[in-house]
Amino acid sequence: MGFSDYIPPFAGASPEQAHAGINYASGAAGILEETSYHMGDRISFEKQIKNHQTIIMTANVPSTKLEKCLYTINIGSNDYLNNYFMQGDKYNSSRTFTYDQYAEFLIRRYRSYLESLYAQGARKVALFGVSKLGCTPRMIASHGAGLGCAAEVNKAVEPFNKKLKALVSEFSTNFKDAKITYVDIFTSQTPLAYAALGFTETGKSCCTVESGEELCAANKPVCEFRRTYVYWDKVHSTEAANKIVANSAFTGVTAFPYSLSVLAVL
C-alpha cells in the first residue's frame, strides 16, 4: 500500500499525518457504546468516527484527498465476546435479543456510522466480517466445554456477517459514488484450510495466559513455533494468521466485489 511503517494511532498523530493515514482502532472497542465497559476505558466505533472528523477538520484534509483514501473497518467481535456471550450479569443483550435480532441491532448502528463516515468524505471502504469467534480459545473453554469450537457462538455470528454483506450492496446502491467491499473471514476458517496453510495449533494460545485471564501474562513463556499457531492469546490471532487474512483481502480471495488492491486504485 506504500506505507514505510505502521499507520500511526490517532492518540499520538499529528495533523500532518492525517493527510497520509491514521489508525483509529481501540482495544475492546465495539459497535455498541456499552460493549466491554467492564474492561475500562475504550474508544467505541462512534467515538472513532468522531475522532476522524476532528482530525480531518483540524488538519484541513481536502475532500478530494479523502475520496481517494482507503478505509478499512474491522469491528463487531467484541460485541459478541464482551457483550452478548459475556458470562454473568454484566450485559442483558443475550436475554433481550435472538441471534438475528441482535445482528440487526448491530447493523442498524453500523449503517448510521458508515453514513457518518461517508458524510465526512469517505468513498472507498472495506468492511471486514466477524471471524469464527466460537473457535477462539476463550470461547472453546467457556462455551465449547473445552473440547472444540463453540457451535452456538459461530451460529450467532453468521446473521451479522450476512447482514453486513447485504449492507455493502445496499450502500453501493444508495450512494453511487461509494465503492464498498466486504471481506469474508468466517468462511475460510476450516481445518482443511488451516492445515494447507501450515497451522497445526488452531485452538490453543501461543503465549502463557493465567487462569481467568485472556491476554498474555508478562514475562512468561511463549510457543516456540509461532508460525503454526492461529491464536496468540485467548482471543487475538497471531501475526501469521493476520497476514493470511490481509493477503487474502488484498488479492481478492475473500473480498467482494472489490479486492483491496483494486479498491485502492479506483
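What comes next is a walk through the structure. (Residues numbered from 1 in each chain as written. Predicted model: local features only at pLDDT ≥ 70, side-chain atom pairs only at ≥ 80, totals over all residues. Heavy atoms only, no water.)

What to know about the environment of Glu67
Reasoning step 1: Assignment of secondary structure puts Glu67 in the loop between helix H2 (63–66) and strand E1 (70–74).
Reasoning step 2: A C-alpha to C-alpha distance of 9.6 Å links Glu67 and Gln120, two positions 53 residues apart in sequence.
Reasoning step 3: In this structure, Glu67 is in contact with Gly121, Arg123 and Lys124, ignoring residues within four places of it in sequence. (Helix = DSSP H or I, 4+ residues; strand = E, 2+ residues; numbered from the N terminus. Contact = heavy atoms within 4.5 Å.)

Looking at the state of the cysteines
Reasoning step 1: Here the structure, examined in full by the defined rule, presents 3 disulfides.
Reasoning step 2: The disulfide partner of Cys135 is Cys149, and the gap between their sulfur atoms is 2.1 Å. Taking the sign of the S-S torsion, 115 degrees for the link of Cys135 and Cys149, the bridge is right-handed. A residue pair is termed long-range when its members are at least 10 positions apart, and Cys135 in the loop between strand E2 (124–128) and helix H6 (137–143) and Cys149 in the loop between H6 and helix H7 (151–174) qualify at 14 residues.
Reasoning step 3: Taking relative accessible area as the criterion, Cys135 reaches 12% and is therefore assigned buried. (Disulfide = S-S within 2.5 Å. Buried < 20%, exposed > 50% of the residue type's maximum accessible area, 1.4 Å probe, protein only.)

Observations regarding the side chain of Thr238
Reasoning step 1: Examined against the element boundaries, Thr238 turns out to sit in the loop between strand E5 (229–231) and helix H9 (239–251).
Reasoning step 2: Non-local contacts of Thr238, meaning those with residues more than four positions away in its chain, are made with Arg226, Tyr229, Val230, Tyr231 and Trp232.

Some words on the packing of helix H1 (residues 45–58) against helix H5 (residues 99–119)
Reasoning step 1: Relative to each other, H1 and H5 sit at 5 degrees, their axes nearing to 10 Å. In this view, H1 runs roughly parallel relative to H5, as classed from their interaxial angle. Contact residues: H1 offers Phe45, Glu46, Ile49 and His52, while H5 offers Tyr110, Tyr113, Ser116 and Leu117.
Reasoning step 2: By residue class, the composition of the contact of H1 with H5 is 5 nonpolar, 2 polar and 1 charged. (Axes fitted to C-alpha atoms, helices over the stretch in contact; angles between N-to-C directions. Parallel < 35°, antiparallel > 145°, perpendicular 65-115°, else oblique. Nonpolar A, V, L, I, M, F, W, Y, C, P; charged D, E, K, R; others polar.)

Side note on the sheet that holds strand E3 (residues 179–183)
Reasoning step 1: Strand order in this open sheet of 4 strands is E1-E2-E3-E6, and the pairing throughout is mixed. At either margin of the open sheet sits one strand with a lone partner, and together these are E1 and strand E6 (255–256).
Reasoning step 2: Of the strand pairs in this sheet, E3 and E6 are connected by 2 bridges, and their pairing is antiparallel. Bridge pairing in E6 places Tyr182 opposite Phe256.
Reasoning step 3: Taken strand by strand, H5 contacts E1 and E2, and its axis lies near 160 degrees from that of E1. (Pairing = 2+ DSSP bridges.)

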